[in-house]
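Spelled out, the chains give:
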Amino acid sequence: MKRYGYHRTSTREQHLDRGIKEITAYCEQNGLELEKIFKDQQTGKNFNRPRYQVLKEDVYELIITEVDRLGRNKQETLKELQYYRDKGIRVKILELPTTLMGLSKLDNAMARMLMETINNMLIEFYMQLWNRQRLRRKRNSSVSGLMLRRIVESGMIMVVLR
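About the thresholds
Residues numbered from 1 in each chain as written. Predicted model: local features only at pLDDT ≥ 70, side-chain atom pairs only at ≥ 80, totals over all residues. Heavy atoms only, no water. Pairing = 2+ DSSP bridges. Helix = DSSP H or I, 4+ residues; strand = E, 2+ residues; numbered from the N terminus. Axes fitted to C-alpha atoms, helices over the stretch in contact; angles between N-to-C directions. Salt bridge = Lys/Arg side-chain N within 4 Å of Asp/Glu carboxyl O. Buried < 20%, exposed > 50% of the residue type's maximum accessible area, 1.4 Å probe, protein only. Contact = heavy atoms within 4.5 Å. Right-handed = clockwise from strand over helix to strand, strands pointing away. pLDDT = per-residue confidence, 0-100.

Undergrad: Even after reading the chapter, I still don't get the sheet that holds strand S4 (residues 90-93), so can you show me in this structure?
TA: Either a parallel or an antiparallel arrangement is found when strands of a sheet pair, and the pairing is made through backbone hydrogen bonds. Pairing is parallel across the open sheet formed by 4 strands, whose spatial order is S2-S1-S3-S4. Of all the strands in the sheet, just strand S2 (36-41) and S4 have a single pairing partner and so form its edges. Across this sheet, the average inter-strand angle for adjacent strands is 25°, counted without regard to direction. Across 4 bridges, the pairing between strand S1 (residues 2-9) and strand S3 (residues 59-64) is parallel. The residue of S3 that forms the bridge with Gly5 is Ile63.

This is the structure:
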């Protein structure tokens, strides 16, 4: 079993460098041996990604920069995180510091349970926030496009094609 990093971008035009550097720096700063960073450059709407599927076969700890780098679909991402919990695989999310804490070092079961609950709540909150922001951007771009079409159609702006 190995410690892996994982980073995903939606398109080949987006750069993987930032996430790879963050994961590598975290491991170096904390003296963690990182076996490999798996990378995919395709949509996060589902988990049928070639490199992601390979990493699931032999991982005991997974490090990602942000929840949405794992997946875009809230319910599917939460299912994936549950899969890891059920298998006893630790997932560290760099943007959520509470996921970086060593739960095994906590004194009692109640403290560990409380920390796991806090982590689950933060992940759920983050996914809700990300979905709202995504919908707001989508709505704003649709409204902007509609306004521009109406302005052009009303003749307020004259478009000349040559």
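Once you've had a look at it, read on.
Undergrad: How do you make sense of the pattern of salt bridges when you look at a structure like this?
TA: For side chains bearing opposite charge, pairing can occur when the charged atoms are close. One pass over the structure, following the stated rule, counts 8 salt bridges. A salt bridge links Arg3 to Glu61; the nearest nitrogen and oxygen atoms lie 2.6 Å apart. One end of the pair, Arg3, is in strand S1; the other, Glu61, is in strand S3, with 58 residues separating them in the sequence. This pair shows no difference in class: Arg3 is buried, exactly as Glu61 is. Note that Glu80 and Lys56 form a salt bridge whose closest N and O atoms lie 3.0 Å from each other. Here Lys56 lies in the loop between helix H2 (50-55) and S3 and Glu80 lies in helix H4 (residues 74-87), a separation of 24 residues in the sequence. Comparing Glu80 with Lys56, the two get one shared label, buried. Residues participating in the shared-partner salt-bridge network are Arg3, Glu61 and Lys92.

Undergrad: When you look at the environment of Thr77 in this model, what are you seeing that I'm missing?
TA: Take Thr77: it is sitting in helix H4. Here the alpha-carbon distance between Thr77 and Met127, two residues 50 residues apart in the chain, equals 8.9 Å. Excluding residues within four positions of it along the chain, Thr77 makes contact with Phe47, Val67, Leu70, Gly71, Arg72 and Met127.

Undergrad: Is there a simple way to think about the pairing of S1 in this case?
TA: The side chains of a regular strand alternate, first on one face of the sheet and then on the other. The element S1 is largely enclosed, with a buried count of 7 among its 8 residues. Alignment of S1 against S2, held across 6 bridges, turns out to be parallel. Across the sheet, residue Gly5 finds its bridge partner in S2, namely Ile37. At this point the chain moves from S1, through helix H1 (residues 17-29), to the parallel S2, and the crossover so formed is right-handed.

Undergrad: Looking at this structure, I do not really get the confidence of the model for the protein. What am I missing?
TA: Low pLDDT means the predicted coordinates in that region are not meant to be read closely. Of the residues in the protein, 72% have a pLDDT of 70 or more, and the chain-wide mean is 78. Mean pLDDT across the elements of the protein bottoms out in helix H5 (residues 109-154) (65) and peaks in H1 (93).

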